[in-house]
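Structural overview for review
Chain by chain, the residues:
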Amino acid sequence: MAKSTENRSLTFSSFVFHLHPPKVHAETLRFTLSFGLGGMAATLVVLLLVTGLLQLLSYSPQIDQAYLSIQQMYQPGGLGGFIRNCHYWAGNLLVVITFFHFLRVFLTTAFTGPRRYNWIVGLALFLLVVFANFTGYLMPWDQLAYWAVTIFTSMLSYIPVIGSELMTLLRGGQEVGSETLATFYAIHTGIIPVLMVVLLLYHFWMVRKAGGLIKQENTSGVAPARITTHPHLVAREVAVVCLILSIILLFSAVIDAPLGAEANPGQSPNPAKAAWYFMGLQELLLHLYPSFAICVVPLLVLFFFIRLPFGVKETPAKGVWFGGRKGALNAAISGIAGTGLTFFTVLIDDTFLIRKGSSQLSWLWRGLVPTIGCCLILVLLYFILVRIRKCSAGEAQIGVVSCFLCGAASLTVIGIWLRGAEMALVW
Ligand code: HEM
């Protein structure tokens, strides 16, 4: 009996030590350094894999059966509805948690040096998480799903040159229909989970290779304290897993995942909205020339974040949120400025310019000029922070990114909550 307990503990230890080194820096265990966000995201991915596999037992990916098979999951006495709720809430929460994890990595300057390639892997993971959610969105085949996917795939057609081909490829034809459901099902249940697991294992391995989480530079000359992984780190990880699981399980027991009326291609809801994480893009589409909103701006943003770790010469203090108090104040001021400017621009555009027919303007006036205008505002902010607030390049960069992210978040908020029938602004 004692021997089998000893064996089990050995197996557990060797599993843990494959993921972690035997000892870690004590400082990296501070909860407020990472808030356990990476661990929460990893837990949600595992929960999604398990609940996704269980749903395969009752879900039918045909347009005449998909909706019914989801409805049947909610039969009294069964666990199907609860499992679907867990899958739905975990998927949505994963988008939020992954975004916050991305923010924490950026704001503690954990994306430079040996971690820069892991930052790129992280960006790929973030895109995968969003795409996983989006492809899963269609599965219930209800009105919400049908129109959200119709809107997003038609947004893709604005991409120059390859847009319409990409739309047809994703839809499996010209319209959203049985081929689209089959394509999305294959991507959602086959391709994405495999890519996700491979990339995640690589992500974890790179965290370990970089020597664990980021920590502050040691200038005292005294070697930083190191403590054993088991039980110190493992106990904290178990706590984070239990916390996030209890939140999802409780939430799923109380609130059902939404299921609208069955998809009706002949009756579009008003307003017809994309999935919430694409609402920022849909909002941008109202204000910018389509190919700029859907292609040029997102590619510029992606390029900026991919280049970020390779362009910084001078970084703020590593392992310190915002690089310190001054950085935090800059980020707050820049964030407020980004939010205010976005709301103001949307209001002016909606109230005066769109009514005067500005949406009919050419790509030059409705696309290039406003895009360059926004870039100039961010460059101006950078120089104000460096010259007037005497910030370092790294601190100014935190300010600029905070301004941009708050602007993007404001667009999402406006799209989700402040757009009513005909996409008019409502308060
Ligand atoms: C499914 C999505 C993701 C999962 C499950 C995940 C998981 C993790 C975990 C468990 C850690 C170590 C603990 C922690 O930092 O909390 C970590 C660290 C890291 N992650 Fe992620 N991650 C994901 C997405 C991302 C994204 C979107 C980025 C950024 C673009 C990113 C970049 C990094 C970096 C650079 C580190 C090392 C941080 C440091 O050394 O302090 N990850 N990730």
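Residues numbered from 1 in each chain as written. Predicted model: local features only at pLDDT ≥ 70, side-chain atom pairs only at ≥ 80, totals over all residues. Heavy atoms only, no water.

1. Some words on the site of the ligand
Residues in close proximity to the ligand total 24 residues, the closest being His101, Arg104, Arg115, His203 and Ile214. Taking His101, its side chain carries an N or O atom lying 2.8 Å from a nitrogen atom of the ligand. Within the contact set of the ligand, an oxygen atom lies 2.8 Å away from a side-chain nitrogen or oxygen of Arg104. Of all the elements in the fold, those that place two or more residues in the shell around the ligand are helix 3 (37-55), helix 5 (80-107), helix 6 (116-137) and helix 9 (178-209). (Near = heavy atom within 4 Å. Polar contact = N/O pair within 3.5 Å; in protein donor to acceptor, adjacent residues only side chain to side chain. Helix = DSSP H or I, 4+ residues; strand = E, 2+ residues; numbered from the N terminus.)

2. A closer look at a positive patch on the surface
Among the surface-exposed residues, Lys326, Arg387, Arg389 and Lys390 lie close enough to one another that they form a single positively charged patch. With respect to the element layout, Lys390 can be found in the loop between helix 14 (363-388) and helix 15 (393-417). (Patch = residues over 30% accessible without salt bridge, like charges linked within 9 Å, V, L, I, M, F, W, Y side chains within 5 Å. Areas by Shrake-Rupley, 256 points an atom, 1.4 Å probe, with all protein chains shown as cover. Salt bridge = Lys/Arg side-chain N within 4 Å of Asp/Glu carboxyl O. Lys, Arg positive; Asp, Glu negative; His and termini not counted. Charge placed at Lys NZ, Arg CZ, Asp CG, Glu CD.)

3. Structural notes on the domain arrangement of the protein
For the protein, the assigned domains are domain 1 (17-214 + 226-269) and domain 2 (285-427). Measuring from the centre of the C-alpha atoms in domain 1 to the corresponding centre in domain 2 gives 26 Å. Opposite the 26 residues of domain 1 that make contact, domain 2 presents 25 residues. Between domain 1 and domain 2, roughly 2200 Å² of surface is buried when both sides are summed, and carbon and sulfur atoms account for 82% of that area. On the domain 1 side of the interface with domain 2, the three residues burying the most area are Phe106, Leu107 and Tyr158, jointly 27% of the side's total. Counting across the domain 1 and domain 2 interface gives 0 salt bridges. (Domains from an automatic or database assignment. Contact = heavy atoms within 4.5 Å. Buried area = accessible area lost by both parts, 1.4 Å probe.)

4. What to know about the coordination of the iron atom of the ligand
Octahedral metals with six donors have ideal donor angles of 90 or 180 degrees. Tetrahedral metals with four donors have an ideal donor angle of 109.5 degrees. Surrounding the iron atom of the ligand are the protein donor atoms His101 (NE2) and His203 (NE2), at 2.0 to 2.1 Å. For the iron atom of the ligand, the 6 donor atoms are set out with angles of 85 to 179 degrees between them, so the coordination reads as octahedral. Remark: His203 occurs in helix 9 and His101 occurs in helix 5; sequence separation between them is 102 residues. By relative accessible area, which is 13% here, His203 ends up buried. (Donors = N, O, S within 2.8 Å, 3.2 Å for Na, K, Ca; no water. Tetrahedral: all angles 85-135°; square planar, octahedral: opposite > 155°, others 65-115°. Buried < 20%, exposed > 50% of the residue type's maximum accessible area, 1.4 Å probe, protein only.)

5. Thoughts on the nonpolar core
Formed by 70 residues in total, the largest nonpolar core has its most connected members in Leu138, Trp141, Tyr277 and Phe278. Broken down by element, this core gets its largest block of residues, 9 residues, from helix 7 (residues 143-156). If you look at the next biggest cluster of nonpolar residues, it comprises 17 residues, including Val105, Leu123, Phe305 and Val401. (Core = buried A, V, L, I, M, F, W, Y, C linked by side-chain atoms within 4.5 Å.)

6. Re the environment of Gln282
Tracing the sequence through the fold places Gln282 in helix 11 (residues 279-287). For Gln282, a relative accessible area of 8% gives the class buried. Placed 194 residues apart in sequence, Gln282 and Tyr88 show a C-alpha to C-alpha distance of 22 Å. Leave out the neighbours within four places in its chain, and Gln282 touches Ile151, Met155, Ala272, Lys273, Ala274 and Met423. Here Ala274 takes part through its backbone nitrogen, which lies 2.8 Å from a polar atom of the side chain of Gln282.

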